[in-house]
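As a plain string of letters, each chain reads:
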Amino acid sequence: MMKALFRPTLIFSLVVFLVSCKNTPPTNLATESLIPKPVSVTATGKAFELSASTVLVLNDEYKMLGDSISAAAGVSLKFEKEGTYKSAIYLKIDSALAELGREGYELTIEPASITVKAIDRAGLFYGTQTLIQLLTRPRVENNLLIPTGTIRDFPNYSWRGSMLDVSRHFFSVADVKRYIDLISHYKMNVLHLHLTDDQGWRIEIKSWPNLAVHGGTTQVGGGKGGYYTQEDYKSIVAHAAQRNVVIVPEIDMPSHINSALAAYGSINNPDTKFPKDGAYAGPVETRGIMDGNNKPTNLYTGMDVGWSTLSLARPSTLQFVNDVIRELAEITPGPYFHIGGDEAHVTKKEDYIKFINHFSEIVKANNKQMIGWEEISQANIDGNSIAQHWASEEHAKAAAAKGAKIIMSPSKKVYLDMQYDSTTRIGLHWAAYIEVDDCYNWDPATRVQGITRDNIMGIEAPVWTETIENMADIEYMAFPRLIGVAEIGWTPTEARTWDEYKVRLGKHAPHLQKLGIDFYRSPKVNWE
Ligand code: TNX
């Protein structure tokens, strides 16, 4: 008797519970799956309802942010002047929030309003990105309900970046802009462009036009390559600036330089031992330029590294260096210039040191701060230089000991061209297989003994593109690992654990899908 009564009641209440769950507004801001995880979230248990009559109140200069909110909400919200509205989203500069820094923001969600406040447009941009993630949710009976509460947030590290190798494979301006959109949505603020390497010279240099015209005509595997005009580059820089991303241009020297040696015989090193495979004379429309009897090299379409070098014995070499740095610095508003400096296996050590010292002088003369891969610690670098750690703890420590700041890009952790596992269809594995947890589960401040938090500017995840041919390949290798790297850069170290992150990442999947990213569905995560 009891039993018979009990059962239908239980089923009935379960049904009632499930139905009410479906229609209950999401009321807990603290359990939202935001990436990177904010510093502080306080939930107040109610909901803001976004509808077609919600208005945007902001200064004209932040219209782009308003448009991105509309796009995320799927309704085109009206812009209104300052005032009181039944339902409004406010974006405001507020100097009272100075303690959050220029990238920090406060996002307050109340039943009738949402307010993003910051002292700078950088903070408004980041607060808007958080709001955009909150807007990705199923509608409840056609209503978009956002849980109320307050988020106060600011970054852990000032340098949160990714590097894109546009030399081994060339990527269009549109691809680079999309990559900027994606990394900046996850609050990264640096895009390092690896503009030159043995396989391709990708930036127009007006005083040495054949660098791009001939040196840019191929890529790994022999495709047709390409290059950015200076106008293209400026448009990338401007697109990045609107999203609080600084472009760091890299001209990789004195090695990784064959595309230049193929363009001009006057800087070619006659002792170059060209790899067995990958020589390509180039398309008939373009030629390498002879210098008297000095021939340019062939173009290169293979994947070997460290075999090419500039030569101090060639009289034009330093002129080439000076012109390239000057022209590129002139169109780069950001404060940094990356001179490469890695894997100079065939450059004599004394020449290598002379080269780096010279680059350092010329970069400084052009009012930029020099960055180089960690091998530059062998030269006379000082506190004005920045070394990028990728493979050798010894070099990185030597750089820190000389006072240089360090960017952490340990290849075993954050090289996004490394395969996830042995079945990944593209990618390399010389450093490691890097699963999503390996990439997330480490701390830049304790990674290298002797390099401390004070030495470190932040973190950068490179995407080398020997095996990565198009935007879909970039996205598959970068996502979801890149957003974990973004979180390492942003979120306080004590607030991060893999066990908590993997749940949040799984729940975040619909947002990656909404961004149109074909990401790697790691078996380490329960994907929603
Ligand atoms: C090492 S990392 C390189 C690059 C390659 C990459 C491939 C570094 C400073 N040099 O030239 O593209 O490995 O993973």
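These remarks concern the structure in this document. In this numbering scheme, every chain counts its residues from 1 along its sequence in written order. Reporting of local features is limited, given that this is a predicted model, to residues whose pLDDT is at least 70; pairs of side-chain atoms are given and counted only at 80 or more, and all residues count toward the totals for whole chains, interfaces and linings. Excluding hydrogens and water, the side-chain values take into account all heavy atoms of the structure.

1. A closer look at unusual backbone geometry
Most peptide bonds take the trans form, and the phi angle of most residues other than glycine is negative.
Now for step 1: Of the consecutive residues Ile 35 and Pro 36, the connecting peptide bond is found in the cis state with omega at -10°.
Now for step 2: Helix and strand assignments follow DSSP, with helices taken as H or I runs no shorter than four residues and strands as E runs no shorter than two, numbered in order from the N terminus. Secondary-structure assignment places Pro 36 in the loop between α1 (2–23) and β1 (40–50).
Now for step 3: Backbone torsion omega between Phe 479 and Pro 480 reads 15°, so that peptide bond is classified as cis.
Now for step 4: Even without being glycine, His 256 reaches a positive phi, approximately 55°.
Now for step 5: For Asn 367, which is not a glycine, the phi torsion comes out positive at approximately 60°.
Now for step 6: Mapped onto the secondary structure, Asn 367 falls in the loop between α9 (349–365) and β16 (369–373).

2. As for the sheet that holds strand β4 (residues 88–93)
For sheets, the rule is that strands pair by backbone hydrogen bonds, running either parallel or antiparallel.
Now for step 1: One bridge is not enough; two strands pair if DSSP finds at least two bridges between them. Strand order across the open sheet formed by seven strands is β1-β7-β5-β6-β4-β2-β3, with mixed pairing between neighbours. For this open sheet the edge positions go to β1 and β3 (78–80), each flanked by a neighbour on one side alone. Here the strands of the sheet are splayed against their neighbours by 20° on average, with no regard to which way each runs.
Now for step 2: Pairing between strand β2 (residues 55–57) and β3: three bridges, direction parallel. Within the sheet, the bridge partner assigned to Val 57 lies in β3 and is Glu 80. Inter-axis angles, ranging from 0 to 180 degrees, are taken between N-to-C directions of lines fitted to C-alpha atoms, where helices are fitted over the stretch in contact.

3. Overview of the environment of Lys 507
Now for step 1: Locating Lys 507 in the fold gives a position in helix α16 (residues 498–514).
Now for step 2: For Lys 507 and Ser 33, which are 474 residues apart along the polypeptide, the C-alpha to C-alpha distance reads 6.2 Å.
Now for step 3: Any two residues whose heavy atoms approach within 4.5 Å at even a single point are treated as in contact. Every residue in contact with Lys 507, bar those within four places of it in the chain, is listed here: Thr 31, Ser 33 and Glu 528.

Don't take any of this as a statement about function, it's just geometry.
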